[in-house]
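Each chain, letter by letter, is given below.
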Protein chains: 2
Amino acid sequence: MQEMGAAARSASRALAVASTATKSAALVAIANALDADREPIKQANAADMAAADDNNVDQPLVDRLFLGDKGIDQMIEGLMQIDALKDPIGEVTDLNYRPTGIQIGKMRVPLGVIGMIYESRPNVTVDAAALCLKAGNACILRGGSEAFSSNQAIAKCVTAGITAAGLPKASVQLVATTDRTAVGELLKLDEFVDVIVPRGGKGLIERVSNETRIPVIKHLDGICHVYIDSEADPNKAVALAFNSKAEKFAVCNAMETLLVHKDIAPTVLPPLAEMLATADVELRGCEKARAIVPMNAASAADWTEEYLGPILAIKVVDDLAVAVDHINQFGSGHTDVIVTENYSHSRAFIQAVDSASVMVNASSQFADGFEYGLGAEVGISTDKLHARGPVGLEGLTSQKYVVYGSGEIRKR
Amino acid sequence: MQEMGAAARSASRALAVASTATKSAALVAIANALDADREPIKQANAADMAAADDNNVDQPLVDRLFLGDKGIDQMIEGLMQIDALKDPIGEVTDLNYRPTGIQIGKMRVPLGVIGMIYESRPNVTVDAAALCLKAGNACILRGGSEAFSSNQAIAKCVTAGITAAGLPKASVQLVATTDRTAVGELLKLDEFVDVIVPRGGKGLIERVSNETRIPVIKHLDGICHVYIDSEADPNKAVALAFNSKAEKFAVCNAMETLLVHKDIAPTVLPPLAEMLATADVELRGCEKARAIVPMNAASAADWTEEYLGPILAIKVVDDLAVAVDHINQFGSGHTDVIVTENYSHSRAFIQAVDSASVMVNASSQFADGFEYGLGAEVGISTDKLHARGPVGLEGLTSQKYVVYGSGEIRKR
């Protein structure tokens, strides 16, 4: 593992100065290699699927593990999308002269070496490699043991692509073992790894955060709220609340708690409850909500629960300030929405809610890198430092100061 | 300490939505209070100075502790400078429509609660409070025990200023004890503190980093290099190298290692050695350097030493690539300079050197927040994530996504 770390650091120096054209050539070559290797990839995946079946792996994990031609097409399409994005590296902003005569700006640069730890989905191997590559970073990938053979087959294509473009083989390295201690060793490579990106369940992310001194880009809970304001358009409110909850249940940007202003609750709750019933969503409400629509009673625990399923907590609130306080107190700082036609209310909500994404009159389910125009993402950060919200190319970069002078010296 | 944390979190909500005018009124009121309280502040400082004398505190610490009318003037001037800076909060950038109809941008917002731990200089109490306030953050300040009375007297003025402007008293809280366990307790307030900024010696910063799970904005070593390229202007090179080393020795942006291209070394080393001799700088060189100018021999340890004093390590290198490798391997990623008239060499150096500040033909001693136009700084970060280089107002903020819609729902 130490050797992988040192090799990654060395490769990162070459990647940092690689031209946009070279990085593009690597992405295209990886896509071509995947296209050419469809059969071996599908065979490797079939072996993983069979092993998962033997090991009684949970069905959702097995579902995410499967990789057919459609999945390979999507990986290739993803590579083309990342290739089409603007190269973030080298961009200089805020370049200005100072009274001393020196000129100072900020230049976007790679982070260096990214350690990526992820579960089941084998397509992450390509997505992560491509994002890291485009942002000029070397990466060490540690996929789940259940996708071991699939990841190996995919990594072979990645290696073929990067070496065809003349980039170092160690630009992308897959940890070639299912030994669980490998994760622990990766987390100890402070000297060589600049940031760890865990992608998977809460357990994985907490383990990683606790075991490493390397900075971690975390993707934790999504306890997302929709607040229906007193001055909401009732039709928009019902449609947005329904979509925020029910478009997909098991996603981090799904609404988990609905807050409704007391004046509009009698208007919007009955039709919304009816719609949610068609999607088999269980409602758990405060007393005021239950007085309007019959539903189960919410307990205190419901306000901090990420259901990731067909359950919705509902609370009727007296005003906007109470809604904002509830969100800042019980939310997870992921994505929160106000539905309103009132200009001042929209501004107050945006200003006061302390979350990675704050929305007006839009579904919480828009909160992802692709919808935000980032092209792809490695996760959605609920941290406040560095990357916040969907993390795309920019989150995998840093900025350094560049100073241009003509021989200026400092006099104090 | 728990209570201070909860009060700070609560105050941070009010500060986050405070208007620019209110924050400005607070800064001006603090300045007025300091001006009115000159006598009690000087008396408190005299008590600290006497105690330091009794306790045989090191002379450099005592020097930094002293606060006279000039120091009070500087604190007032610092407040006015921070007041004159643009309010960073609420700035929206990159606001664009997406094909779905939603409009997405990034809004600059406060981090929340800052924990600041610092040594001796009592002026940090005002500087840190003012920067945090302007950036909309609440802060908990833990000054050094040797400045206990001075900090109390200053904090009284800060409290007077913030309350006069109608902001919560807990916007700025000074830990009112010299008990050393207070630092440990502050470091455990994960729930309430968003970031810790230690300002002081390496020991303090390492202790803080090891003891907390709260993100830390670190200010570590400054092992800064100047590389004199084969195509440097010899006069500029000598002047820049001298200034980078000798303008001040005990600063993190002082040059510690000089790298010189072999072709220009015979031209620049003799006059530079002569100038450095006038400042009593001891030279420690590689064999090639010693063949040009008599000096002590450098050992391997000299390439990684932050002298913070009148010693300079000198190495003659074969070319630019060797210089860059040396900097990336032995440097601390703080500030590194190339002196050259060659366009391509300047570009290659800027691209390849992985440091917070990379300079062409300017003194390394320019690397600070004031010279960069940030107004003031809480430190110089050698981290790559979040803030890098001099950390001013922007380093004390975060960005959240704002999404404006007209009722759009997501369809997959």
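Residues numbered from 1 in each chain as written. Chains lettered and ligands numbered in written order. Predicted model: local features only at pLDDT ≥ 70, side-chain atom pairs only at ≥ 80, totals over all residues.

### Digging into the domain arrangement of chain A
By a frequent convention, interface size equals the accessible area lost on bringing the separate parts together.
Then comes step 1: Along its sequence, chain A is carved into domain 1 (2-217 + 387-404) and domain 2 (224-366).
Then comes step 2: Each of domain 1 of chain A and domain 2 of chain A has a C-alpha centre, and the two are 36 Å apart. (Domains from an automatic or database assignment.)

### Describing the relation of the copies chain B and chain A
Then comes step 1: Mapping chain B onto chain A leaves a residual RMSD of 0.0 Å; the transformation is a rotation of 180° accompanied by 0.0 Å of translation along its axis. In symmetry terms, the pair is related by a two-fold rotation axis. Relative to the rotation axis, the closest C-alpha in chain B is found at His 386 of chain B, a distance of 1.9 Å.
Then comes step 2: When the interface residues of chain B are mapped onto chain A, 100% of them are again interface residues, pointing to one common binding face. (Least-squares fit on C-alpha atoms with pLDDT ≥ 70 in both. Contact = placed C-beta atoms within 7 Å.)

### Focus on helix H1 (residues 2-16) of chain B
Then comes step 1: Given a rise of 1.5 Å per residue, 15 residues ought to cover 21 Å, and the 21 Å separating the end C-alpha atoms of H1 of chain B matches this to within 8%.
Then comes step 2: Each element contacted by the buried residues of H1 of chain B is listed here: helix H14 (343-352) of chain A together with strand E2 (103-110), strand E3 (113-118), strand E4 (138-142) and strand E5 (172-174) of chain B. (Helix = DSSP H or I, 4+ residues; strand = E, 2+ residues; numbered from the N terminus. Expected span 1.5 Å × (residues − 1).)

### So, the packing of helix H3 (residues 38-54) of chain B against helix H7 (residues 148-164) of chain B
Residue and element names in this part refer to chain B.
Then comes step 1: At a closest axis distance of 7 Å, the pairing of H3 and H7 adopts a crossing angle of 165°. Judged by the angle between their axes, H3 and H7 are roughly antiparallel. In this structure, H3 crosses over H7, and the sense of that crossing is right-handed. Along the contact surface, H3 presents Pro 40, Ile 41, Ala 44, Asn 45, Ala 47 and Asp 48, while H7 presents Phe 148, Ser 149, Ser 150, Gln 152, Ala 153 and Ile 154. (Axes fitted to C-alpha atoms, helices over the stretch in contact; angles between N-to-C directions. Parallel < 35°, antiparallel > 145°, perpendicular 65-115°, else oblique. Left-handed = near helix turned anticlockwise from the far one by under 90°.)

### Let's talk about the sheet that holds strand E4 (residues 138-142) of chain A
All names here are of chain A.
Then comes step 1: The strand order across the open sheet formed by four strands is E5-E4-E3-E6, and the pairing between neighbours is parallel. A single partner strand is all that each edge strand has here, and the edge strands are strand E5 (172-174) and strand E6 (195-199). Within the sheet, the average angular offset between the axes of one strand and its neighbour, ignoring direction, is 20°.
Then comes step 2: Examined bridge by bridge, strand E3 (residues 113-118) and E6 share five bridges and lie parallel to one another. Bridge pairing links Gly 115 to Ile 196 in E6.
Then comes step 3: On top of the sheet, helix H1 (residues 2-16) reaches E3, E4 and E5; it is set at about 140° to E4, its chief contact. (Pairing = 2+ DSSP bridges.)

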